[in-house]
Amino acid sequence: MRSGAGAGIVDLKRGTRQASTFEADRLKPHEGMDTVTRPRILVVGAGFAGVECVRRLERRLTPGEAELTLVTPMSYQLYLPLLPQVASGVLTPQSIAISLRTSTKYRTRIIPGGAIGVDLRAKVCVIRTIAGEIVDEPYDYIVLAPGSVTRTFDIPGLTDHAFGLKSLAEAAYLRDHVISQLDLADACTDPAARASRLQFVVVGGGYAGTETAACLQRLTHAAVKRYPRLDPGLIKWHLIDIAPKLMPELGEKLGRSAQEILTRRGIEISLGVSIAKAGAEEVTFTDGRVVPTRTLIWTAGVVASPLIGTLDAETVRGRLAVNADMRLPGHDGVFALGDSAAVPDLAKGDGAVCPPTAQHALRQGRHVAENVIAALRGRPTRPYMHHDLGLVVDLGGTDAVSKPLGYELHGLPAQAVARGYHWSALRTGVAKTRVMTNWLLNAVAGDDFVRTGFQAHRPGNLRDFEYLDAYLTPEQVRAHVEEAGRAAR
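Worth saying up front: this structure is predicted, and the values here are computed from it rather than measured.

### A look at the pairing of strand S8 (residues 134-138)
Of all five residues making up S8, five are buried, and the element is well covered by its neighbours. Burial along S8 is two-sided: the face carrying Ile134, Asp136 and Pro138 and the face carrying Val135 and Glu137 are both buried. Between the antiparallel neighbours strand S7 (residues 124-129) and S8 lie four residues, among them glycine 132 with a positive phi of about 90°.

Set out below in structure tokens:
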């Protein structure tokens, strides 16, 4: 999928596949299909929202009612909230990667690639497959659930030197990197270089950043016991955020409790502070401090997938503006949900939109599937409404803070709620078994500190994992679709 969108239409011509004109394609069955007039439902994205939508469509639609297609570069659904535990080695990567081909009712065609543009007028989605081929996929109904990407700012050196945590590859790479810093520091004879390798900076005081700092700090705290030449006092973790409070959604009491837990464990928390400049061996904070470090982890929020920018449609803070039933105004058959859509939060009112959380994405996925079915069958769609079930934050070990249904918990009860919620949200019995086994094994045997070699050959920073240069502009999408249509005729 990695290819520069700025390369323009000339590059798109190479490798473009167009089986026929769009109308002819509708009358032509795909291989192995004997129904030629079925409406085509295209789902973009295999996150919580996209997968829940596809699974509901598979259960509720008969094979003759519609042709289902899913666009995703990966063959699995990632349980994103548990990534910090993969980065710290508590869970194996495979345990939170759930295969898309396990459903007993599976009949969805999967296109292995990423959507890089959508022409709403022509009803065509432009896809770059994992082999680099450009594919034009016509649709009658499209469900846009491409998710989000890491939010970055124009900070010198950020994308070149910071690590993200939005994918399995990043989690595995980050774990290798952190352990390698201990190995290198242990072998180092230069005190200044050793000190810089043993300082770690995490930017982002939300759930992802807080859990990442907490889990990785526990990893280094346990690992340093295996390095008798290293002074444990040299290992320093910094958690910074421009906001005045840590995880303000938790409320004053629980947010303060989480901050006290992390401070007690030796994590230095700086609020109202961000990054002014990032380098290979040091980071400059906006308050003027310069921290020598080889590890900058950036988790300062997310923004909607760049795919939304190719639609040339109205947005709300970068998220696609949709109605309460998750339909795109003015475009028949177009639905959007999850992190990339500004779905009105009717439970809160006052113009609020649903936050980009797994909880909402799961429920929106099921709800939008019912609305697609309603539209397909000529019935009215229903608005989405869901009351928040609460929040859980796993800080590793026996430390956690949770707020289920408004009740504030911390310590072991909060940990039980947090892990119980995540365990129940896993979609398959195999995933549940793997995660539970990993938790039990870690509790009994402790951590291991093996480097797997993911970072042996090349760096893996934000620039390498996000593929932000792959997307087209609205003008490029329209020009490409029009040219492909002329070539097909």
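### Let's talk about a nonpolar patch on the surface
Side chains of Leu389, Leu405 and Tyr407 sit close together on the surface and give an oily, nonpolar patch of about 350 Å² of accessible area. With respect to the helices and strands, tyrosine 407 occurs in the loop between strand S25 (400-404) and strand S26 (409-410). Exposure remark for tyrosine 407: the relative accessible area of 60% places this residue in the exposed category.

### Concerning the sheet that holds strand S13 (residues 236-241)
Spatially, S11-S18-S12-S13-S14 is the arrangement adopted by the five strands of the open sheet, whose pairing is parallel. Each having just a single partner strand, strand S11 (162-163) and strand S14 (267-271) make up the two edges of the open sheet. Across the sheet, helix H8 (residues 207-223) is in contact with strand S12 (199-203), S13, S14 and strand S18 (295-298); its angle to S13 comes to roughly 180°. Strands in contact with helix H9 (residues 252-264) are S13 and S14; relative to S14, the strand with the most contacts, it is inclined by about 135°.

### Considerations on the pairing of S7
With respect to burial, S7 is a largely interior element, six of its six residues being buried. Where burial is concerned, the two faces of S7 agree: the one with Val124, Val126 and Arg128 and the one with Cys125, Ile127 and Thr129 are both buried. Pairing between strand S6 (residues 109-119) and S7: six bridges, direction antiparallel. For glycine 117, the partnering residue across the bridge sits in S7 and is valine 126. A loop of four residues connects S6 with S7, the two strands running antiparallel in sequence, and lysine 123 in this loop sits at a positive phi of about 55°. Bridge analysis of S7 against S8 gives five bridges, and the strand direction is antiparallel. Bridge pairing links valine 124 to proline 138 in S8.

Calculation criteria
- Residues numbered from 1 in each chain as written.
- Predicted model: local features only at pLDDT ≥ 70, side-chain atom pairs only at ≥ 80, totals over all residues.
- Heavy atoms only, no water.
- Buried < 20%, exposed > 50% of the residue type's maximum accessible area, 1.4 Å probe, protein only.
- Helix = DSSP H or I, 4+ residues; strand = E, 2+ residues; numbered from the N terminus.
- Pairing = 2+ DSSP bridges.
- Patch = residues over 30% accessible without salt bridge, like charges linked within 9 Å, V, L, I, M, F, W, Y side chains within 5 Å.
- Areas by Shrake-Rupley, 256 points an atom, 1.4 Å probe, with all protein chains shown as cover.
- Salt bridge = Lys/Arg side-chain N within 4 Å of Asp/Glu carboxyl O.
- Contact = heavy atoms within 4.5 Å.
- Axes fitted to C-alpha atoms, helices over the stretch in contact; angles between N-to-C directions.

Bear in mind that shape data such as this cannot, by itself, settle questions of function.
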